[in-house]
Amino acid sequence: MVTAVELGLIYAVMAIGVYLTFRILDFPDLTVDGSFTTGAAVAAVGIINGMPPLLATVLAFFSGMVAGLVTGLLHTKGNINGLLAGILTQIGLYSINLRIMGKANLPLLRETTLISPLREAGLTGTWVSVGIFLSTAVAILLVVIWFLHTDVGLAMRATGDNPDMIRSFGVNTDNQKLLGLALSNGLVALSGALVAQFQGFADIGMGIGLIVAGLASVIIGQAVLGRSGIAIAASAAVVGSVMYRVVIQLALMAGLNPNDMKLISAVLVVLALVLPQWKGFARLGGAVRNRFTAVAESAAIDKEK
Amino acid sequence: MLKLENISKTFAPGTVNARVALNDVSLHLAPGEFVTVIGSNGAGKSTLLNIIAGTYRTDTGTVTLDGRNVTRLNDHQRARYIGRVFQNPGAGTAPHMSIEENLAMALERGQRRGLRRGVTKAKRERFATELKALEQGLDVRLKDWVSLLSGGQRQALSLLMATFSEPKILLLDEHTAALDPQRAALVTRLTTEVVERFGLTTLMVTHNMEQALRLGTRLVMMHDGRIILDLDKAQKERMTVKGLLAEFEKIKGMEMDDRTLLQ
């Protein structure tokens with residue numbers, strides 16, 4: 001279970017990236033499946049060739065930015081539908097990732113990675129490493145929240161919220177989309193680089209269906225924490241990512257077939273998207289809340305007695 | 001301040017749906033002039049505004065703003081000169097951002113945006129003062145999402161956002177048409193106040209003839225993509241709604257006669 005939390009926190013970096021495109025830019029970006037693997041591939045090849053692991057990881061971040069930039073250019077300059085632009089980049093990246101890696105799987109077990117100090121100290125799978133991964137995720141989260149409150153960040157949020165309005169105040173919305181997609185995929189690739197180092201290999205298929213995990217994290221998190229305000233909505237991606245991995249872990253422990261996990265993920269996302277629209281759900285939420293307040297009230301009354 | 005020269009614009013040219021929206025329109029606005037534009041549906045009023053704002057490109061003709069030829073600039077490149085309020089109260093604000101964040105974005109009109117904090121304490125104080133003047137109780141709701149505001153409040157906020165960074169030109173596109181009479185009266189009053197305060201050169205499109213006569217220093221009537229009547233301040237003050245309708249009928253009638261003669 002601790003491993004699920006660890007994984008959840010590493011994938012949270014990817015979820016923050018998905019949050020940037022899906023919620024901030026209102027752009028469902030399918031580049032993620034490709035750029036995640038690109039990050040893993042770049043970091044793995046760098047490390048195997050003797051690059052310091054930190055440098056290789058930073059390089060992975062930039063490789064993801066380039067991938068996002070390609071999708072952004074296809075969409076803004078090529079006038080290609082956003083979904084299609086993402087799919088095109090994703091498919092193209094599959095071949096590029098194979099070229100980078102040279103083969104379909106690159107083991108990293110004997111290499112020195114960012115994770116190996118933890119592993120050698122026997123700290124992986126303990127709450128110490130959870131603490132370390134948590135602080136990493138929170139640090140990235142804080143930078144993103146800070147960014148979204150700067151002048152550029154405000155312009156980017158308005159680009160997703162009301163593009164005509166922000167254009168009338170002199171912002172080139174195309175550039176904002178390019179920047180947002182680049183940042184988002186940079187974070188996704190960074191997450192990929194960390195996952196590869198954590199699990200000890202990079203694999204050509206490791207990004208497949210990942211956008212669903214990212215969306216699930218964002219949506220589940222926001223269903224729990226709400227989306228009132230940027231700080232909460234962004235943090236929800238991190239919380240959602242951990243919850244998602246824990247749910248998957250529980251499903252596996254309950255004896256479900258690992259091959260069914262993709263289906264379960266898809267169903268989870270559908271439920272998280274559809275349920276809140278159902279009127280009975282709001283009433284149910286209200287009932288739960290009422291019961292809580294009723295309990296709290298009766299507790300308060302008991303206290304007074 | 002604003003110079004339109006021989007502007008023509010045709011939508012879907014070369015097809016059966018081709019529609020001439022503007023036909024050789026020229027219009028000069030002196031600094032501080034407040035022009036109201038009236039005309040029937042499809043007269044070209046909104047197209048004219050969109051041409052000035054850069055949303056549409058001209059087919060022929062030039063747009064000069066404050067001595068600078070902006071004909072080939074995009075809407076966001078012209079935005080530093082132009083403040084704009086749309087008919088739809090939702091169009092001028094970002095609904096899922098707070099009032100103070102919307103104002104902060106508006107304050108940066110046409111500036112290079114960097115990584116400085118968007119809403120600072122100093123800005124917040126300024127916003128509160130400006131909002132107080134709107135008398136909408138928004139000055140104590142700086143952190144509320146704009147989607148929580150009523151249509152009238154949003155339009156008042158849009159007006160403030162469009163003007164308080166002091167653009168060269170203010171474009172108003174039937175900005176009171178979607179409001180109930182009371183709110184419309186309020187936004188109209190705020191408009192005159194703000195135009196006077198900043199001495200803005202203003203172009204206001206309206207369907208309401210009475211409003212067009214009451215506001216501004218000059219009145220322009222459009223029909224079939226052309227300016228058919230241009231009244232200066234003195235002429236406008238003498239004009240009545242009835243008189244405008246009569247002028248409109250007369251000019252339309254003359255056109256008919258011309259066409260009949262040509263045939």
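Report follows, based on the coordinates.

A look at the overall build of chain B
Looking only at helices and strands, one finds nine helices and 10 strands in chain B. Radius of gyration (C-alpha) of chain B: 20 Å, near the 18 Å computed for a compact globule of 263 residues. Among the 263 residues that make up chain B, the fraction classed as buried is 41%. Taking as baseline every contact in chain B between residues at least 6 positions apart, the subset at least 24 positions apart corresponds to 68%.

A word on the sheet that holds strand β10 (residues 226–231) of chain B
By way of backbone hydrogen bonds, the strands of a sheet pair with one another, either parallel or antiparallel. Residues and elements named next belong to chain B. Read across the sheet, six strands follow the order β6-β7-β8-β3-β9-β10 without closing on themselves; strand pairing throughout is mixed. Of all strands in the sheet, those with a lone pairing partner are β6 (82–85) and β10, marking the two edges. When the angles between neighbouring strand axes are averaged without regard to direction, this sheet yields 20 degrees. Sheet topology note: the β6/strand β7 (residues 169–173) ladder contains four bridges and is parallel. Its bridge partner being in β7, Gly 83 is matched across the sheet by Leu 170.

Re the interface of chain A and chain B
Taken together, the 20 residues of chain A in the interface contact 25 residues of chain B. Of all the elements in the fold, those that place two or more residues in the side of chain A that touches chain B are α7 (151–161) and α8 (163–167) of chain A. Broken down by class, the residue content of the side of chain A that touches chain B amounts to eight nonpolar, seven polar and five charged.

Section: the environment of B:Leu171
Residue and element names in this part refer to chain B. Here Leu 171 shows up in strand β7. Along the chain, Leu 171 and His 96 lie 75 residues apart, while their C-alpha atoms are 25 Å from each other. Dropping the residues within four chain positions of it, Leu 171 is found in contact with Leu 49, Ile 52, Ala 53, Ile 82, Arg 84 and Leu 203.

Some points on the environment of A:Ala213
Residues and elements named next belong to chain A. By the secondary structure assignment, Ala 213 is in helix α10 (residues 210–225). On a C-alpha basis, the gap between Ala 213 and Leu 181 in space is 18 Å, while along the polypeptide they are 32 residues apart. Those residues in contact with Ala 213 that lie beyond four places of it in its chain are Tyr 11, Tyr 244 and Ser 265.

As for the sheet that holds strand β1 (residues 2–11) of chain B
All names here are of chain B. With respect to topology, four strands assemble into an open sheet ordered β2-β1-β4-β5, the strand pairing being antiparallel. The strands lining the two open edges of the sheet, one partner per strand, are β2 (19–29) and β5 (68–69). For strand β4 (residues 60–65) and β5, the ladder comprises two bridges, and the chain directions are antiparallel. Bridged to Thr 64 within β5 is Asn 69. Sitting on the sheet, helix α1 (residues 45–53) touches β1, β2 and β4, and the angle it makes with β2 is about 65 degrees.

Quick look at α7(A)
Every α-helix winds through 3.6 residues per turn, so residues three or four apart in the chain are directed the same way. α7(A) sits mainly inside the fold: 11 of its 11 residues count as buried. Looking only at α7(A), the buried set comprises A:Asp151, A:Val152, A:Gly153, A:Leu154, A:Ala155, A:Met156, A:Arg157, A:Ala158, A:Thr159, A:Gly160 and A:Asp161.

Considering the packing of helix α1 (residues 2–24) of chain A against α10(A)
The geometry of a pair of packed helices is captured by two quantities: the angle between their axes and the separation between those axes. All names here are of chain A. α10 packs onto α1 with a crossing angle of 80 degrees between their chain directions and a minimal axis gap of 8 Å. Viewed along their axes, α1 and α10 adopt a mutual orientation that is roughly perpendicular. Here Tyr 11, Met 14, Ala 15, Val 18, Tyr 19, Phe 22 and Arg 23 of α1 come into contact with α10, specifically with Leu 210, Ala 213, Gly 214, Leu 215, Ser 217 and Val 218. A class-by-class count of the residues in the contact of α1 with α10 yields 10 nonpolar, two polar and one charged.

Digging into the pairing of β4(B)
Residue and element names in this part refer to chain B. Inspection of the sheet shows β1 paired to β4 by five bridges, in the antiparallel sense. Residue pairing across strands places Glu 5 opposite Thr 62, the latter belonging to β4. Hairpin remark: β4 followed by β5, antiparallel, with two residues in the connecting loop; positive phi at Asp 66, about 50 degrees.

About the criteria used
Residues numbered from 1 in each chain as written. Chains lettered and ligands numbered in written order. Predicted model: local features only at pLDDT ≥ 70, side-chain atom pairs only at ≥ 80, totals over all residues. Helix = DSSP H or I, 4+ residues; strand = E, 2+ residues; numbered from the N terminus. Rg over C-alpha atoms; globule rule 2.2 N^0.38 Å. Buried ≥ 20, exposed ≤ 12 C-beta atoms within 10 Å, placed from the backbone. Contact = placed C-beta atoms within 7 Å. Pairing = 2+ DSSP bridges. Axes fitted to C-alpha atoms, helices over the stretch in contact; angles between N-to-C directions. Nonpolar A, V, L, I, M, F, W, Y, C, P; charged D, E, K, R; others polar. Parallel < 35°, antiparallel > 145°, perpendicular 65-115°, else oblique.

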